[in-house]
Structures are given as C-alpha cells and as structure tokens.
Amino acid sequence: MMVCAQCGERNGAGAEFCGACGTYLEWEPRPNAPHPVPPHPVPSPPVSPQPATSSPATSPATSPPATSPPSTAPPTPAPPLDQVSAPPPGDQPPARRPAPMRPTDRKAPTTPTPRLTERREPRPGDLICGQCGEANAPTRRFCSRCGSSLTEAEVVARPWWRRLLPERAPAKAGTRRRRTGVGRLVGRVLRWSFLVALLGAVGLYGLVPAVRGGVDTWALDRAREVRGIFGAELTPVRPTAITATAEAADHPALLAADNAKNTFWLAPVVPEPPALVLDFGREVDLREAIVRIGDPDDFQSAHRPKKLHLVYPTGRAFDVELADTPDEQRVGIGNSAGASQVEVHVVELHRSLRGDRVALAEIEFFAVR
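To start, this report covers the structure provided alongside it.

Calculation criteria
- Residues numbered from 1 in each chain as written.
- Predicted model: local features only at pLDDT ≥ 70, side-chain atom pairs only at ≥ 80, totals over all residues.
- Heavy atoms only, no water.
- Helix = DSSP H or I, 4+ residues; strand = E, 2+ residues; numbered from the N terminus.
- Buried < 20%, exposed > 50% of the residue type's maximum accessible area, 1.4 Å probe, protein only.
- Contact = heavy atoms within 4.5 Å.
- Areas by Shrake-Rupley, 256 points an atom, 1.4 Å probe, with all protein chains shown as cover.
- Phe/Tyr/Trp six-rings, centres within 6.5 Å; stacked < 30°, edge-to-face > 60°.
- Patch = residues over 30% accessible without salt bridge, like charges linked within 9 Å, V, L, I, M, F, W, Y side chains within 5 Å.
- Salt bridge = Lys/Arg side-chain N within 4 Å of Asp/Glu carboxyl O.
- Disulfide = S-S within 2.5 Å.
- Pairing = 2+ DSSP bridges.
- Axes fitted to C-alpha atoms, helices over the stretch in contact; angles between N-to-C directions.

## Notes on the overall build of the chain
- Each helix and strand counted, the chain has three helices and 15 strands in total.
- The buried share of the chain, taken over its 369 residues, is 24%.
- Sequence separation of 24 or more characterises 64% of the internal contacts of the chain that already satisfy a separation of 6 or more.
- For the chain, the exposed surface amounts to about 27,100 Å²; the carbon and sulfur share of it is 58%.

Set out below in structure tokens:
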C-alpha cells in the first residue's frame, strides 16, 4: 500500500501514479541497499603536560628571606627573518601537530532505481489506458503506469453470463457479506435434493429395465437428430403408393415419380389447386428433393409450379420455392421427422399463355439413412 504525499490517497502496491490526483509516487529505495556509515573520528594524541617550576620549600617556622628587586637587563636583539630557521616537525607542540588520516568505511551513495511494476490482469469493469494499455481499477481517475487521464478510457466488458445476473454493490470497507440463516438453509436443501434425485435416477436406470430401455431409445433418437443436422448421409426413398386429387387421363400422377425425364403429371388448376399424395410405407426423415417442372417437350404449353406446400401426418408443414426453369432443381426439406407420407400441394404457379393446366415432370425425395 502506497499513500500519496500530495492528496493522501491509498494506492495499491506497484502503482507509479496516484489514482486520485495523478501525482508521481516517489521511487522506493532498494530493500538491500546499505545505509551510509559516518566516518569514525580519529582521536588526537594526548598533550604532554609542561613541567611547572616550583618555588623552593620553605619552612613554616622561618619567614622567606628578603629578595632584592631584579635587575633589568637590556633586551636581546631579534635575529633577521632570513636567518630564522623553521623548527623540525618533531619539535612542534603536540596540540598543533596534524593528525594522521585513516581510511574509513564510508561508501558512495546509491542512486535510486525504478520499481518494476507488473501489469494488472484486465478484469470486468477495469479501465484500459489509451496511452499505455494498462488495466486500472474502476475507482482510479489516472493511470497507475503512465499517469494519463482515464476519463475516456475503454471499459472491459463483462461476460454475457454475468450480465444475466443481478449486479450487487461491493461490500463496504471492513465488512464482509454474510449469508443469512434462511439462505444457508435453502442452499443446503437444494443441494441435498439434487443429490438424492441424481442417485434415484441412477438407481432406476440400473434396476428397472423399462426405464433403461426408454432412456436408451430417447438418447439414440437425439443422437440421430444431431447427426442428421451436422453430417447426415442421405439416400433416395421411393413411394410405395402415389395418388392425386386431380389428373389428366393421359398424364396420371404415377408419371411424377417414375424417374423418367420425358414424362410428366398434368392436372387442372380449377376448381381447386391440385395435390399429390406420396406414401412411403415407413417413417422417414426427408431432407432434400429433386424437382423438374413443366412439360419437358414443350415448356410453355402448361403452367409450372412456383410454390409447393408440403403437409405431413404429424401436423407439420414445409414450403418449397421453385424457379421457372426446365432444369433440375435441388431443394432442402424440413419438419418431416416421423412422417410416413407427404402431401404435395401446388399453391402458386408460373403462368403459361397457352395452357390452363399445371405440369410437374418429376419429384424425387431423399431422406436420412
């Protein structure tokens, strides 16, 4: 924890700039850097005391003799300065003699080194600095790495599954969320209920053959559906019976499924649109169909189907759009799982100027193997 000397904001370890005011936080000294040691003072040699001249001992019984006043002698003239020689170093008084220098343990001052700041791992809600790309806590106003302003910083988006959950306010400093007694009781009941249900399902599957057979059948059906969606192998299916709500005498409904390219089913369009009924004799899952429309020999002599409405016994339906061309058209089909027959209703037409009936040359279905 680093406290900003400018504003007092508490910053996390590793921050180089204050999150509140943007002030640069001072470098920290290296933890193993030795402190400078002051030099030890060198004691000077002791000064020898000067011999003091003592007066002769006097007896307390006798009084000191009277002394005559000293005679004044003429002063001795000082020698010239050029004849005065400096005394040798050994004759100087000890107090004025320079003390010898001794090596000390003092080391050169160390220069502070910048701290190596580890990058913060981006978390949901963090602010990404636009200058250096550093991830900052949402409470910061300045980047912890370069000190740039975070007013226009990009916010790290939360995962989609977190957006579905209600957002809770963060706990206050010095507090911790505590689950109430009711919450703990409900969570415990749910966990034990799930465990008991799981053990019961496993027991039923292993001990009751009917349950095991039903589960296996359901699982195989789901696996078959998944295989059919992502990578189905299709095979042609032939109808065992084919009928029509209307047909011409010389062009019956059987010609629409005879695999011949020069024959066709022909039916009037009034009073109601015609329809084919194809029975496959078993349940099939139709996925594709090959359709040829019109009269192969004279394409403009009759109307051509434009839209086919497929209806299954399961109650589902599917629409197929067709182009106005005599070429083969491969179309996709759906919603037919579990159906054993299909009704093909002609609900829209490509109109012809010469004919008043609709012609369908061929329709061939493909189902999942």
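## Some details on the packing of aromatic side chains
- By the definition in use, this model includes two aromatic pairs.
- Ring centres of phenylalanine 17 and tyrosine 24 lie 5.1 Å apart, and the angle between their planes is 65°; this geometry places the pair in the edge-to-face category.
- Note on phenylalanine 17: relative accessible area 15%, which makes it buried.
- Taken together, a centroid distance of 6.0 Å and an interplanar angle of 85° make the contact between phenylalanine 280 and phenylalanine 365 edge-to-face.

## A look at a nonpolar patch on the surface
- A cluster of nonpolar residues, Leu204, Tyr205, Val211 and Val215, forms a patch on the protein surface that exposes about 300 Å² of accessible area.
- As for its placement among the helices and strands, valine 211 is situated in helix α3 (residues 209–231).

## Notes on the side chain of serine 144
- As for its placement among the helices and strands, serine 144 is situated in the loop between β4 (135–136) and β5 (154–155).
- Ignoring sequence-local partners within four residues, the contact set of serine 144 consists of Ala15, Glu16, Phe17, Glu134 and Asn136.

## Considerations on the environment of phenylalanine 365
- Of note, phenylalanine 365 is situated in strand β15 (residues 357–368).
- Separated by 79 residues in the primary sequence, phenylalanine 365 and leucine 286 place their C-alpha atoms 6.8 Å from one another.
- Sequence-distant contacts of phenylalanine 365, defined by excluding residues within four places in its chain, comprise Thr235, Pro236, Val237, Leu278, Phe280, Leu286, Glu288, Ala289, Ile333, Val342 and Val344.

## Considering the state of the cysteines
- Evaluation of the coordinates by the stated rule reveals zero disulfides.
- Looking at the unpaired cysteine 18, the closest cysteine sulfur is the one in cysteine 7, lying at 3.6 Å.
- Here cysteine 21 is not cross-linked by a disulfide; its sulfur's nearest cysteine counterpart is in cysteine 7, at 3.6 Å.
- The partly exposed category is assigned to cysteine 21, whose relative accessible area is 29%.

## A few points about the sheet that holds strand β12 (residues 317–321)
- One open sheet holds the five strands; their spatial order is β7-β9-β14-β11-β12, and the pairing between them is antiparallel. Strands at the two margins of the open sheet, each flanked by one partner only, are β7 (241–244) and β12. For this sheet, the mean inter-axis angle between neighbouring strands, taken without regard to orientation, is 25°.
- Pairing analysis gives six bridges linking strand β9 (residues 275–284) to strand β14 (residues 339–350), with the strands arranged antiparallel. Paired with leucine 278 across the two strands is valine 342, which belongs to β14.

## Quick notes on the pairing of strand β13 (residues 329–332)
- Where burial is concerned, the two faces of β13 differ: the one with Gln329 and Val331 is buried and the one with Arg330 and Gly332 is not.
- In this structure, strand β10 (residues 286–293) lies alongside β13, joined through four bridges in antiparallel fashion. Within the sheet, the bridge partner assigned to alanine 289 lies in β13 and is valine 331.

## Description of unusual backbone geometry
- With an omega dihedral of 10°, the bond running from valine 270 to proline 271 counts as a cis peptide bond.
- Tracing the sequence through the fold places proline 271 in the loop between β8 (265–268) and β9.
- A positive phi is found at asparagine 259, a non-glycine position, where the angle reads about 60°.
- Note that asparagine 259 resides in the loop between β7 and β8.
- Phi angles above zero are rare outside glycine, and asparagine 335 is one such case at about 65°.
- In this fold, asparagine 335 is placed in the loop between β13 and β14.
- Note on asparagine 335: relative accessible area 38%, which makes it partly exposed.

Functional significance is not addressed by these values, which are geometric in nature.
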